[in-house]
Amino acid sequence: MGGEMLPPDEAGPEDVVLAWEGADVVAVRLPQLADSLDHILAAMERRQGRPLADLDRKAKQEVVRILEARGAFAVRHGVETVAGALGVSRFTVYNYLNREKGA
C-alpha cells in the first residue's frame, strides 16, 4: 500500500504506532488514499502481467469488483483513476459497478 516505517518518536498524529510487549517499536505512516489506489492498481497490473487496459471485458469487470471491495471508489476521483487505468470511460466503470449490484 506504500506505507512508510519510521521511529516511534517521529510519529505524527495520523501515524500508527505499533508496540511489542508494551514498548513502542515502530510507527507506520500510511499514504493518502489516492496514493494507495495507485499502488493497488500497479500491483494488480503486475499480477496480471500486462497493462490493465489490455485486459478483456470480463477481466476488467473482475478488477472493478476487487477494487470496489477494497474501497477504491470511496476515494475522490477513484472512478476516473480506475477508468484511466483500464482504458475505459467513467460510464463503463459505473456500468461494471451496477452490473455487480444487479447480479
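Please read all numbers here as calculations on a predicted model, not as lab measurements. The residue numbering used here restarts from 1 in each chain and proceeds along that chain's sequence as written. Only residues with pLDDT of at least 70 are given local features in this predicted model, and only at 80 or more are side-chain atom pairs given and counted; all residues enter the totals for whole chains, interfaces and linings. Hydrogen atoms and water are omitted, and side-chain values are computed over all heavy atoms in the structure.

On to the confidence of the model for the protein. Averaged over all residues, the pLDDT of the protein is 87; the fraction at 70 or higher stands at 89%. pLDDT is a per-residue confidence score from the predictor, ranging from 0 to 100. Runs of E in the DSSP output that reach at least two residues are strands. Runs of H or I that reach at least four are helices, and both are numbered from the N terminus. Averaged pLDDT values over the elements of the protein bottom out at 82 in helix α1 (residues 33–48) and peak at 95 in helix α3 (residues 78–86).

Of the pairings in the sheet, the one linking strand β2 (residues 16–20) to strand β3 (residues 23–29) comprises five bridges and is antiparallel in character. Across the sheet, V16 pairs through a bridge with V28, a residue of β3. Two strands form a pair only when DSSP identifies at least two bridges running between them. Hairpin connection from β2 to β3: two residues lie between these consecutive antiparallel strands, with E21 at a positive phi of about 50°.

Our next topic: the sheet that holds strand β1 (residues 4–6). Pairing in this open sheet of three strands is antiparallel, and the strands run β1-β3-β2 from one edge to the other. Two strands close off the open sheet at either side, each with one partner strand: β1 and β2. Each adjacent strand pair in this sheet contributes to an overall mean axis angle of 30°, direction not counted. Between N-to-C directions, angles cover 0 to 180 degrees, with each direction set by a line fitted to C-alpha atoms, over the stretch in contact for helices.

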